[in-house]
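# Coordinates in review
The chain contents come next:
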Amino acid sequence: MTTPQEIDEPRVHNPPRRGQWDPIVVDRGSMVFEPRPSVGRVPPDTICDGWSTPDFTVRLASIRGDAHRHAGRPRQDHAEITLHPPTGTVLFAVADGVSSAPLADIGARIAASCALSAAWRMLDESGTVDWAGVVAAAARAMLRDRDHGLRAGETPADVERRLATTLVAGGVRPGPAGPVVSVVQVGDSGAWLLQDGVFRPILRVKHGGGGPLSSAVEPLPRVPVTLRAEEVPLPPSGVLLVGTDGIGDPLGDGTGLVGSLLAHTLAEPPPMLGFAHVAGFSRETFDDDRTLVAVWSRPGRPR
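In this report, we go over the structure that sits alongside the text. (Residues numbered from 1 in each chain as written. Predicted model: local features only at pLDDT ≥ 70, side-chain atom pairs only at ≥ 80, totals over all residues. Heavy atoms only, no water.)

### A closer look at the packing of helix H2 (residues 104-126) against helix H3 (residues 131-144)
Packed helix pairs are characterised by how far apart their axes lie and by the angle those axes make with each other. Using the following cut-off: Between the N-to-C directions of two axes lies an angle of 0 to 180 degrees, each axis being a line fitted to C-alpha atoms and, for a helix, fitted only over the stretch in contact. Runs of H or I in DSSP of at least four residues are treated as helices and runs of E of at least two as strands, each being numbered from the N terminus. Angle categories: roughly parallel below 35 degrees, roughly antiparallel above 145, roughly perpendicular from 65 to 115, and oblique for all the rest. Left-handed describes a crossing in which the near helix is turned anticlockwise from the far one by less than a right angle; the clockwise case is right-handed. Contacts are assigned to residue pairs with any non-hydrogen atoms lying within 4.5 Å of each other. Residues are grouped as follows: Ala, Val, Leu, Ile, Met, Phe, Trp, Tyr, Cys and Pro are nonpolar; Asp, Glu, Lys and Arg are charged; every other residue, Gly included, is polar.
Orientation of H2 relative to H3, taken along the N-to-C sense of each, is 135°, at an axis distance of 8 Å. In terms of their interaxial angle, H2 and H3 are classed as oblique. Along this stretch, H2 crosses H3, giving a crossing that reads as right-handed. Seen from H2, the contacting residues are Gly107, Ile110, Ala111, Cys114, Ala115, Ala118, Ala119 and Met122; seen from H3, they are Trp131, Gly133, Val134, Ala137, Ala138, Ala141 and Met142. Its residues assigned to classes, the contact of H2 with H3 comprises 13 nonpolar, 2 polar and no charged.

Quick look at the structure:
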C-alpha cells in the first residue's frame, strides 16, 4: 500500500517572486495605473512572438504605450515576422501608425501584413526581393482596402488622413559568407545593429548616426520618390534590432541608460516573454507604443 509520503507530489520550480513582473524601471518610472480597454477595437494590449531556425533566433514584442493605456485607445504599432522556408530568410515588417490618423492602428496592420505577403511572393517567384516594390504593394493595399481605402470622390490624401503609418520592412537571409540584412524605411521607425554594447544605425534616425530624419513624417500610403534598401552583414556576435520610435526615442544614440539595459539583456536571446518584459520598461515621459523585433544569427548550426 502506498503511503501519502510516497506519493510524488507535483512541484512548482522557480515561482515568481513578489514584484518580479513589475516593469523594469529606468531612472524614474512612469505613473503606475491599471490600463483601460480600447473599446470596440481588436488589437490586444501586447503581442509577442519568438522562435528559432537552424540559422536564426528571433523575438518580437509590440506593446501599447502608457498614453494609450491611460486614454483607452488602441495600440497603433504593429509588427509581423515569418520564415520563408525555401530560402531560410526571416522576413519582418514593423509599422507605427501616425497618432493623428483616427484609424492608424488599422493602417499599421494593413501595411505590415501586406508588406510581408509581397516579400514572400517575390521570394517564391524569383528568389529575391524588390523592397521598393514591397513598399509600393503595402501602399496599394491601404488604398484598395475594402473597408477603409479609397471611397468615391476621394484622393490618396484622404486615405492617408485615416490610415497613415510608417513602415520598416526587411529580411535576414543566410549565405555562404554569413547572414545579410536587407531593410527599407518609410517614416521614422528605425533599425540598428547591436554589437559589443554599441548601437549602429542602419537607417536614418532621429538621433546619432545614419543621417538625420526630418521632423515631418511622410507616411504610407504616400510612397517616397527615392526609396533604397540598405544591406549590411549580420555578424555572429551581433543582433539586428528593428523598432518604432517608442524604442528609438528613449534609446537615442545608445549611450544612455536605455541603451545599457538593451545591450545587457539582448546580447543573447532572452525567453520570449522576457523579451517583451524588457521592451516594456518604464521610464518617465516615454509613454508611446513600443515595438521591437530582434534577430540573432546562430553560427555553426548546420542547415
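After that view, the rundown keeps rolling.
### Considering unusual backbone geometry
Selection criterion: Type-normalised accessible area, obtained with a 1.4 Å probe on protein chains alone, sets the label of each residue: buried when under 20%, exposed when over 50%, and partly exposed for intermediate values.
Going from Leu220 to Pro221, the amide bond is cis rather than trans, its omega being 10°. Along the chain, Pro221 falls in the loop between strand E8 (198-201) and strand E9 (230-233). Positive phi is not limited to glycine here, since Asp196 has a value of about 55°. Inspection of the secondary structure assignment puts Asp196 in the loop between strand E7 (190-195) and E8. Relative accessible area serves as the criterion here: at 69%, Asp196 is assigned to the exposed category. Notably, Thr285 is not glycine yet its phi reads approximately 80°, a positive angle. By the element assignment, Thr285 lies in the loop between helix H7 (272-279) and strand E11 (290-297).

### Focus on the packing of aromatic side chains
Here is the rule we go by: Whether two aromatic rings pair depends on their centres lying within 6.5 Å, for rings of Phe, Tyr and Trp, where Trp uses its six-membered ring; planes under 30 degrees apart make the pair stacked, over 60 edge-to-face, and the rest tilted. A ring is considered to have a charge above it if a Lys NZ or an Arg CZ atom is located within 6 Å of its centre and within 35 degrees of its normal.
In the structure shown here, the tally under the stated rule is 0 aromatic pairs. Against the face of Phe281 rests Arg290, its NZ or CZ located 3.8 Å from the ring centre.

### A few points about the pattern of salt bridges
Rule in force here: The rule for a salt bridge is simple: a side-chain nitrogen of Lys or Arg has to be within 4 Å of a carboxyl oxygen of Asp or Glu.
In total, this model carries 11 salt bridges according to the counting rule given. Residue Glu284 is joined to Arg28 by a salt bridge in which the shortest nitrogen-to-oxygen separation is 3.5 Å. With a gap of 256 residues between them, Glu284 in the loop between H7 and E11 and Arg28 in the segment before strand E1 (46-52) connect regions that are remote in the sequence. The exposure class assigned to Glu284 is partly exposed, which follows from its relative accessible area of 34%. The exposed category is assigned to Arg28, whose relative accessible area is 54%. Arg109 is the partner of Asp105 in a salt bridge, and the nearest nitrogen-oxygen pair spans 3.6 Å. Of this pair, Asp105 and Arg109 both sit in helix H2, 4 residues apart, roughly one helical turn.

### Here we look at helix H4 (residues 156-163)
One turn of the α-helix equals 3.6 residues, which is why residues spaced by three or four share an orientation. Cut-off, in case you're wondering: Directions from the helix axis toward the C-beta atoms define the arc.
Within H4, burial applies to Val159, Glu160, Arg162 and Leu163. Viewed along the axis of H4, the buried residues span an arc of 165°, placing them on a single side of the element. Buried residues belonging to H4 abut H2, H3 and strand E5 (165-173).

### Let's talk about the sheet that holds E8
How we decide: Criterion used throughout: strands pair if DSSP finds at least two bridges between them.
The strand order across the open sheet formed by 6 strands is E1-E2-E11-E10-E7-E8, and the pairing between neighbours is antiparallel. Only two strands of the sheet have a single neighbouring strand rather than two, namely E1 and E8. In this sheet, adjacent strand axes meet at a mean angle of 15° when their direction is disregarded. One ladder, built from 4 bridges, connects E7 with E8; its direction is antiparallel. Within E8, the position partnered with Gln195 by the bridge is Val198.

### Overview of the sheet that holds E5
The strand order across the open sheet built from 5 strands is E3-E4-E5-E6-E9, with neighbouring strands paired in antiparallel fashion. Bordering the open sheet on either side are strand E3 (77-84) and E9, each of which pairs with just one other strand. For this sheet the average axis-to-axis angle between neighbouring strands, irrespective of direction, equals 15°. Looking at chain direction, E3 and strand E4 (residues 89-97) are connected through 8 bridges and run antiparallel. Paired with Leu83 across the two strands is Val90, which belongs to E4. Each of E3, E4 and E5 is contacted by H2, which is oriented at about 160° to E4, the strand it contacts most.

### A short note on the nonpolar core
Test applied: Throughout, nonpolar core names a set of buried Ala, Val, Leu, Ile, Met, Phe, Trp, Tyr and Cys residues whose side chains join them through atoms within 4.5 Å.
Counting 30 residues, the largest nonpolar core has Ala115, Trp131, Val134, Leu163, Leu167, Ala169 and Leu220 as its most contacted members. Counting only elements with at least two residues in this core, the list comes to E4, H2, H3, H4, E5 and strand E6 (180-186). Per-element accounting of this core gives the leading share, 11 residues, to H2. Residues within four places of Leu220 in sequence aside, it is in contact with Ala111, Val135, Ala138, Ala139, Met142, Glu160, Ala164, Thr165, Leu167 and Val186.

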